[in-house]
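# Structural characterization, general
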Amino acid sequence: MLESYIRSRREQKELLLMTHIVLGYPNFDDSLRMVEAMVEAGVDLMELQIPFSEPMADGPVILKANSDALAAGARVEKSLQIAEKITASFDIPFLFMTYYNILFRNGVDAFVARMADIGIRGSIIPDLPPEEGGDYLAAMARHDLAPIHIFTPNSTDERMKLLSDKSSGFIYTVARKGVTGKDTAFSDDLGDYLERCRNATSLPLALGFGVKSNEDFEFIRAKADIAVVGSETIRVVERGGVAAVKPFIRGLQGGA
Amino acid sequence: MQDRGYYDQFGGAFIPEILVPTFDELEQAYLEAKADPAFWQEYKALMSSYSGRPTPLTRADNLSSHFGGAQIYVKREDLNHTGAHKANNVMGQGLLTRRMGKTRVIAETGAGQHGVATATMAAKFGFDCTIYMGEVDVERQRPNVFWMERMGAEVIPVCDGSRILKDAINEAFRDWVTNMDNTHYVLGTACGPYPFPEMVSWFQSIIGTEAREQVLRETGKLPRRAYACVGGGSNAMGLFSGFFDDPEVELVGVEAGGRGKGIGEHASRLAYNDASVGVAQGYKTYFLQDDDGQMQETHSVSAGLDYVGVSPILSSLHESGRVRFEAATDQEVIDAMSLTVQREGLIPALESSHAFAQAFKEVGDLDPDDVIIINQSGRADKDIFTVADALKDPKWEEFIIAKAKEYQNA
């Protein structure tokens, strides 16, 4: 189970690191090399995003990665094949992040069965609130996969409890309003919000949106279980190529 | 939310978690307004004094005798302030925005009509206003951008994706997930997550309510058929809703047939067989998409119909057979527009001309005692640049070249 993996890993490490890549960006070979570099640098779990033409919850960096991947011919089947290769090669949990239409067009049951088959452990579908996700949640439960939902600073305590009930593995908490990849002010308000998240769920907490430096990482330590770094790794690759990934990830965690 | 807004299998609210409280608030404001007769009175009074409602129902004798079939009546939404039915929706949402205590509005726009209407409303209500418009559309619709900016709106060109209407919608959502506390998103058509399809249709129902009263008063009978063009579907929902309880009235939605069948050639989600059911931009409906669920390019001579999805309410009415969907090609549309201008002196927008084109194909088969209504959802004289291009008018081209030289020499 994803949750027990996170808990046992947390016994060795105070703050776990989850990273994110867009499959097929800039191409599938580089996706594979980025995963390899991240795993070697000590990443604890990873989100693999299947590109979609209308990624409404993503900011400019990931949006561009989605459309560039599609323009380069990324098909869903190819993403699934690469994901299978990744899960077979590396010994950390991998999750899918994508939008609901990718599941819906494929058939929700069939897609979830395929996820289980290729060794994906859970998924984050940002445009699928639990009210619309009955088929998805049932299929995920049948295959013992983790549906991960999102807490936001706008979520009421009552809403957080509902989302927690519908989730397993962990809860993805976003640090602020807005889309991925913009700056976040890591402040006392954020500390209060994370405390509210803690009180609403017994699941581990991952914190994302705007995490990009060792200082951010230090702030999150002890407040959340997992730090999520998304857009910033794409920026790092754009600036320095795949070779820049490993030093960046090591630097985040305070080692070199 | 109390409801999820399903019309058979279509609709729903596939929204990011951050917007859940915003949609709760919007649904509540909408339901309260709907239950409050004073709200609709205020709305009607505003539309009367500001937008010239009720718009007339014009008898088109010359066209009727040209085709020799049914008597043709035209509902004149082109006479709204800003020149299209878009004003109906925008002013209604303006009143709701004020009720919710918000001070800023954002909107997407394709052709620019909805952007101009929203900027107008924002100027009148004193709201800050930001309009998202695909970069491609900004380039081809400069006159609309000019007016939006004059009215104080900030027009942001969207350079992501295919840089057209659907990308502007995504970008407006990205603004909204950041600024929802003081901002209302004035979605321009009967699409998107619940309650938008229903709420926009409600504001547009003023068209059908008026049209039904007018046609009965004028002719003593209900129309055999009512025609409206369908992009997102708001003007069609507006006209049709006046006749939903009259099964003898056939409702005909006319989509953009573009250059004919085949993905990328048109924007017909329902009349052709190129679309399939999917979920994007927050709702479930027929989309022009590939097997993977990626949205595809669309084409139409009219920017306002050039959209991948369609109102979930219309998808449901398509499946039930209550509304018949047809497509008119670019050439049919240009011909229908030219004929209407010449015979009646009416200037229907290229969008609205789709409804005229389909009606012209069929009207000769009806009896002279029959009546049909065509919704002229907007007027084309303000779109002179795009219309002159579509009509390939050589004298206009000469004029523009001469004008450009004047600026170059200035």
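### What to know about the nonpolar core
In terms of nonpolar packing, the biggest core is built from 218 residues, with Ala227 of chain A together with Ile72, Ala226 and Ile372 of chain B touching the most fellow members. Contact partners of Ile372 of chain B, with chain neighbours within four places excluded, come to Ala70, Ile72, Tyr73, Pro223, Arg224, Arg225, Tyr227, Ala359, Val363 and Leu366 of chain B.

### Notes on the environment of Leu46 of chain B
Tracing the sequence through the fold places Leu46 of chain B in helix H2 (residues 37-51). Owing to 16 C-beta atoms within 10 Å, Leu46 of chain B belongs among the partly exposed residues under this scheme.

### Points about the domain arrangement of chain B
Residue and element names in this part refer to chain B. By domain assignment, chain B separates into domain 1 (6-48 + 85-196) and domain 2 (52-83 + 205-389). Computed from C-alpha atoms alone, the centre-to-centre distance between domain 1 and domain 2 is 22 Å. At the interface, 36 residues of domain 1 touch 39 residues of domain 2. Elements represented by at least two residues in the side of domain 1 that touches domain 2 include exactly strand S2 (10-11), H2, helix H4 (86-99), helix H5 (113-125), helix H6 (135-140) and helix H8 (165-179).

### What about unusual backbone geometry?
Each neighbour pair has its own omega, and for Tyr25 of chain A with Pro26 of chain A the value is -5 degrees, a cis peptide bond. If you trace the backbone, Pro26 of chain A turns up in the loop between strand S1 (16-22) and helix H2 (28-40). In this structure, Pro195 of chain B follows Tyr194 of chain B across a cis peptide bond, with omega equal to 10 degrees. The backbone of Asp144 of chain A sits at a positive phi, close to 55 degrees, despite the residue not being glycine. Note on placement: Asp144 of chain A falls in the loop between helix H7 (134-142) and strand S5 (146-148). We classify Asp144 of chain A as exposed; it has 12 C-beta atoms within 10 Å. The residue Thr82 of chain B is not glycine, and still its phi comes out positive at about 75 degrees. Structurally, Thr82 of chain B can be placed in the loop between strand S4 (71-76) and H4.

### Notes on the pairing of strand S14 (residues 371-376) of chain B
Residues and elements named next belong to chain B. Taken across its six residues, S14 has six buried, putting it largely inside the fold. Summarising the sheet, S4 and S14 pair through six bridges and their orientation is parallel. Counted as the bridge partner of Gln71 is Val371 from S14. Sheet topology places strand S9 (residues 225-229) next to S14; three bridges connect them, and they run parallel. Directly across from Ala226, in S14, lies its bridge partner Ile373.

### Observations concerning the interface of chain A and chain B
Each side of the interface is counted separately: chain A has 32 residues, and chain B has 26 residues. The set of elements that each furnish at least two residues to the side of chain A that touches chain B consists of helix H3 (60-71) and helix H5 (100-106) of chain A. The element contributing the most residues to the side of chain A that touches chain B is H5 of chain A, with five residues. Looking at the side of chain A that touches chain B residue by residue, the class counts come to 15 nonpolar, eight polar and nine charged.

### A short note on the sheet that holds S14 of chain B
Residues and elements named next belong to chain B. With respect to topology, six strands assemble into an open sheet ordered S3-S4-S14-S9-S10-S13, the strand pairing being mixed. Unpaired on one side and paired on the other, strand S3 (57-59) and strand S13 (323-329) mark the two borders of the sheet. Between one strand and the next, the sheet's axes are offset by a mean angle of 25 degrees, whatever the strand orientation. In the packing of helix H9 (residues 196-219) onto the sheet, contacts are made with S3, S4 and S14, and the angle to S14 comes to roughly 145 degrees. Contacts from helix H12 (residues 330-344) reach strand S10 (250-258) and S13, with the element oriented near 90 degrees to S13.

Reading guide: rules and limits
All residue numbers refer to positions counted from 1 along the written sequence of the respective chain. Written order decides the labels, with chains lettered from A and ligands numbered from 1. A pLDDT threshold of at least 70 governs which residues receive local features in this predicted model, and a stricter bar of 80 or more applies before side-chain atom pairs are shown or counted, although totals over entire chains, interfaces and linings include all residues. The nonpolar core is taken to be a set of buried Ala, Val, Leu, Ile, Met, Phe, Trp, Tyr and Cys residues joined by way of C-beta atoms within 7 Å. We call a residue exposed when 12 or fewer other C-beta atoms sit within 10 Å of its C-beta, buried when the count reaches 20 or more, and partly exposed for counts in between; the C-beta positions come from the backbone. Two residues form a contact once the distance between their C-beta atoms, set from the backbone, is within 7 Å. Counting from the N terminus, the helices are DSSP H or I runs at least four residues long and the strands are E runs at least two residues long. Delimitation of the domains relies on an automatic or database domain assignment. Between any two strands, pairing holds if DSSP finds at least two bridges. In the scheme used here, Gly and all other residues not listed as nonpolar or charged are polar, with Ala, Val, Leu, Ile, Met, Phe, Trp, Tyr, Cys and Pro taken as nonpolar and Asp, Glu, Lys and Arg as charged. Only the contacting stretch of a helix is used when fitting its axis, a line to C-alpha atoms as for every element, and angles between N-to-C directions run 0 to 180 degrees.

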